[in-house]
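# A structural walkthrough
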Amino acid sequence: MELLPQAIVDGILIGGIYITIAIGFSLAYGVMHIIDFAVGEWIMLGAFTGYYLNRWSHIDPMLLLPIVFIVFGGIGYLIQPLIHRVISGKKGNPVLMGLVFTFGLALVFRGSGLTIFGFYSHSIPAALAKNSFFIESGNFFLTIPHIRFAGLFYAVLITVILQYILKSTDFGRAVRALAQHRESASLMGIDARRISSYVYGIYVGISAMTGVLIGCIFSITAQMGGEYTVMAFFVVVLAGMGYLAGVPWAAFLLGLVQSFFMIYFNPSYTLLAVFVILFTILLISPRGLFGRGV
Amino acid sequence: MADPILQVEGVTKTFGGLYAVQDVSFDMAKGSIVGLIGPNGAGKTTLFNVISGYYKPTKGSIRFDGKDISGWPPYRLAHIGIGRTFQIVKPFAGLTVLENVVIASLCRYPKKTEAEAQAWQILERTGLADRAHLAASGLTLAGRKRLEVSKALALEPTLLLLDEVVAGLNPTEADQTIDLILKLRDQGITILIVEHIMRVIMNISDEVVVLSFGQKIAQGKPGDVARDPAVVEAYLGGEVR
Amino acid sequence: MTNTFRKPIVVGIAALVLAVLPTFIHDMFVLRVLTESIMWIGLAIAWDVLAGYTGYLNFGHGAFFGAGAYITAFLIKIAGVPFLLAMPAGGLAAALLALASGIPTLRLKGAYFAIATWAMARALQQLALVLDITGGPDGMRLPPYLHPQFFYYVMLILVAGTFAVMWFLLEHAPFGLKVKAIREDEAGAMSLGIHPTVIKMQAYLLSTVPAGLIGGVYAYWITYIDPASVLGDLVTDQAVVMAVFGGLGTLIGPIVGAVIIYFFKTLFWAYLSDYQVLYLIILGVLIAMSVVFLPNGLYGTLTGKTSGKTAIQKGLATGTPEENSRKQGRKEVVHG
């Protein structure tokens, strides 16, 4: 019982990470209607980039985040036209073509990761990883590592910024128009391709940054991508595909499931639990917890 | 009306807060042609989708030959004799014209050889027999619309729902289609037809139902409906969007 | 109409040739290579049945192979069941898995199905790693039955039989037409009396049971299975590449793809075994580039068959907004 608050806090902290993974993913889905199978690999690539940049420059990884965002945002922006070409063939059905393509892309990234980075596991040393907040109150004892708290803060920040961009800027309005009705939006002068490129770039950039953060909190391997792809899928399906407002709830739920399994049960069963929940949701309410998925 | 083949009773369909169709009721007599008209966005397609099983009515019911079929999925309706065409005509690409119809024929004739026999008959009736082995996607628009009707006919329906089968055709093709529709009616098939081309609807319908903003605003013989002030206003007044 | 029998006759002749081959081949290594290539032909065709013909991407295809392998291994090793009974049980296991995973997901858009099957495969691998009865990460070792010719024939009969059944159902019987109708226009197919979920489930079973049976044979043949080899993603990845590269929506396409890719893989691992991970990259590039440049696959492009492209286009629909008027509740509809 004493462990409960810690379990909850841990869950929320991990949940923050999942929010950022899923929010970019859901946004890309909403605008481009593709499910990016490579989401976990973008995270992995970002993590390793952060790792090597840190090793080479000795700059704290938290300060490297913007650089990683810009680099990967640029990569995403440049790759998007290729994806667009894939998904708009003569008889286009975006999601399906995108899926096979991103599946192949994920394979390429994973293979490349293994080739370049090997099978080793690493951790990115961050200044914030050294200490924790300690909260004591009677029987309850909470340990909150600074870095994990920073992760949550980062997640909140990203969410707030995205929210602001989507609601209050012209760009954001264009994005929302595109997500809701692509053809009408194009007819009204919105450059669908450029906006899609930006959105994809933002999504890849955020994912890569999250990878760096994961590298500071946990460890990274070239194989880590798949696990995070599953988590992204889970959160997005639970939240409702394309329904951004549902993401935080679903992400925290996932975080709680994970932390509970880590503290109370056997962590090896986490993936299975996630999977069972995923299937139950698909069975009962495929449009997500809030019924607002597409 | 004695023993109507279709009874639409108080059908309402909402999407979120939007009332696409609101409390629409009408009956269709066996062997009649009923036209469904209304300005854009009046709810005709939605109503069609409710009757043909693609939407469940939020309120109200649909009765077919006395049986309550509200909410029955399209494949169930096909088996009891309700066929429909689609506004956006899309044949099964990659398959021939014949194969397209055979798929429909399988509904009544699960054995492939029998289904093929029936499919040939249908193609003769609708005039597509000479193009049977062509790729369906290679047909002209008129051909594709004809194919749509052929597929629906292969179900041997008692009720046929036609969605814009004449739109987009040149006058000759349109007349041929109208002839076909009348022939089908003479063979005992009841037809509910949505069409934007007024002269078609007014000329062939026994009854016309008018929708506007999701509600039925008029019903009656074509001549009467055309003179109904509410209808005139709906078309003239409602164009400004 | 005699044309329609031409392909199976050609394949039948090829099968006969293959059947006679072992009397001339005495090199056991070559025999094993042939057995494995036949195995991959089977796996690739099986994946294509659901992907190319029906338009649903099963990114967890390998899980059925692995399930078949593990159930067969378990029955042989622990329950002492003879192989010829244990192997069909592997197929049954795959069928049960298909039913359990298909019922929630086949009525949804293909995107959900791809995600769910992919996640299921990972979860299954995790399960095998964690449980004791599966031997955990060390896997299971079976009593060896070292008769390469026996396994060659078993694999040949199994895959040839699978091909025959699939050819009959997909190219000859009404089932194939219904499946293609769903792939092309699910909403339209519904209006013609076709129950999409039922047909999709049948296709799913048709796709997964052979994979399970093949897995069962594999287990007894190789005598050692572990989560990495039979439940890892390499099985799925290769089957996908073989089918996509070879040509989706046909039965010959995956055969072509399987032979080419497997041949390439064997050469690769013989001469470049230091660069094994490079193989993953190559697979991924082949998949991605096939989608971009050769959506009908090699066989499809060379013979002008176009069903592959449509297959890649179907099924995982979100339905663009103009199709909203044809959606029924949760059922989304494809429209080119």
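To keep things clear, this report deals only with the structure shown in the data block. Numbering of residues starts from 1 in each chain and follows the order in which that chain's sequence is written. Chains carry letters and ligands carry numbers; both start at the beginning, A for chains and 1 for ligands, and go up in the order they are written. In view of the model being predicted, local features appear only for residues whose pLDDT reaches at least 70, and side-chain atom pairs are presented and counted only at 80 or more, with totals across whole chains, interfaces and linings using the full set of residues. The side-chain numbers reported here are obtained from all heavy atoms of the structure, hydrogens and water having been left aside.

## What to know about the sheet that holds strand S7 (residues 159–163) of chain B
Residues and elements named next belong to chain B. The six strands are arranged S6-S7-S8-S3-S9-S10 in an open sheet whose pairing can be described as mixed. Unpaired on one side and paired on the other, strand S6 (82–84) and strand S10 (215–220) mark the two borders of the sheet. Along the sheet, successive strands turn relative to each other by an average axial angle of 15 degrees, direction set aside. We treat two strands as partners when DSSP finds at least two bridges between them. Here a strand is any run of E in DSSP of at least two residues, a helix any run of H or I of at least four, and the numbering for each starts at the N terminus. Bridge count between S7 and strand S8 (residues 190–194): five bridges; the pairing is parallel. Paired with Leu 160 across the two strands is Ile 191, which belongs to S8. In what follows, residue pairs with any heavy atoms lying within 4.5 Å of each other are defined as contacts. Throughout, an axis means a line fitted to C-alpha atoms (over the contacting stretch in the case of helices), and angles, computed between N-to-C directions, take values from 0 to 180 degrees. Docked against the sheet, helix H6 (residues 171–186) engages strand S3 (33–37), S7 and S8, running at close to 150 degrees with respect to S8.

## Description of the pattern of salt bridges
Here a salt bridge means any side-chain nitrogen of Lys or Arg lying within 4 Å of a carboxyl oxygen belonging to Asp or Glu. Summed over the entire model, instances satisfying the criterion amount to 15 salt bridges over all chains. The salt bridge partner of Arg110(A) is Asp233(C), with a shortest N-O separation of 3.3 Å. Of this pair, Arg110(A) sits in helix H4 (residues 94–117) while Asp233(C) sits in helix H11 (residues 233–246), placing the two residues on different chains. Measuring nitrogen to oxygen at the nearest pair gives 3.5 Å for the salt bridge that ties Arg227(B) to Asp224(B). With Arg227(B) and Asp224(B) both in helix H8 (residues 222–227), this residue pair falls three residues apart, about one helical turn. Only protein chains enter the accessibility calculation, which uses a 1.4 Å probe. A residue is then buried if its area is under 20% of the maximum for its type, exposed if over 50%, and partly exposed in between. Judged by relative accessible area, which is 47%, Asp224(B) ranks as partly exposed. In this structure, a network of salt bridges that share partners links the residues Arg110(A), Asp233(C) and Asp237(C).

## Digging into the nonpolar core
Trp42(A), Trp47(C) and Phe59(C) are the most contacted members of the largest nonpolar core, which totals 262 residues. Those residues in contact with Trp42(A), other than ones at most four positions away along the chain, are Asp36(A), Phe72(A), Ile75(A), Ile79(A), Phe109(A), Tyr200(A), Tyr203(A), Val204(A), Ser207(A) and Ala208(A). We call a set of buried Ala, Val, Leu, Ile, Met, Phe, Trp, Tyr and Cys residues a nonpolar core when their side-chain atoms join them within 4.5 Å. By size, the runner-up hydrophobic cluster in this structure holds 28 residues, among which are Val50(B), Phe64(B), Leu159(B) and Val194(B).

## As for the packing of helix H5 (residues 146–168) of chain A against helix H8 (residues 192–217) of chain A
Residues and elements named next belong to chain A. The interhelical angle for the contact between H5 and H8, taken along N-to-C directions, is 170 degrees, at an axis separation of 10 Å. One way to sum up the angle between H5 and H8 is to call them roughly antiparallel. Residues Ile 147, Arg 148, Gly 151, Tyr 154, Ile 158 and Leu 162 of H5 form the contact with H8, whose participating residues are Ile 202, Ile 206, Met 209, Thr 210, Leu 213, Cys 216 and Ile 217. Along the lines of polarity and charge, the residues of the contact of H5 with H8 split into ten nonpolar, two polar and one charged. Angles below 35 degrees are treated as roughly parallel, those above 145 as roughly antiparallel, those between 65 and 115 as roughly perpendicular, and all remaining angles as oblique. Residue polarity follows a fixed list, in which Ala, Val, Leu, Ile, Met, Phe, Trp, Tyr, Cys and Pro are nonpolar, Asp, Glu, Lys and Arg are charged, and the others, Gly among them, are polar.

## Focus: the sheet that holds strand S4 (residues 59–64) of chain B
Paired through backbone hydrogen bonds, the strands of a sheet run either parallel or antiparallel to each other. Residue and element names in this part refer to chain B. As summarised here, the arrangement of the four strands in space is S2-S1-S4-S5, forming an open sheet in which the pairing is antiparallel. Sheet topology places strand S2 (18–28) and strand S5 (67–68) at the edges, where each strand pairs with a single neighbour. Two strands pair when backbone bridges link them, and S4 and S5 are joined in this way by two bridges, in the antiparallel orientation. Along S5, the bridge assignment pairs Arg 63 with Asp 68. Along the sheet face, helix H1 (residues 44–51) touches strand S1 (6–15), S2 and S4 and points at about 115 degrees away from the line of S1.

## A short note on the pairing of S8(B)
Residues and elements named next belong to chain B. The element S8 is extensively covered by neighbouring structure, given that five of its five residues are classed as buried. Covered by surrounding structure in S8 are Thr 190, Leu 192 and Val 194 together with Ile 191 and Ile 193, the residues of both alternating faces. Pairing of S3 with S8 involves four bridges; the strand directions are parallel. Residue pairing in the sheet places Ile 33 in a bridge with Ile 191 of S8. After leaving S7, the chain enters H6 and then returns to the sheet as S8, a path that is right-handed. Here the term right-handed applies to a crossover when the path leading from its first strand over the helix to its second strand runs clockwise, the strands being oriented away from the viewer.

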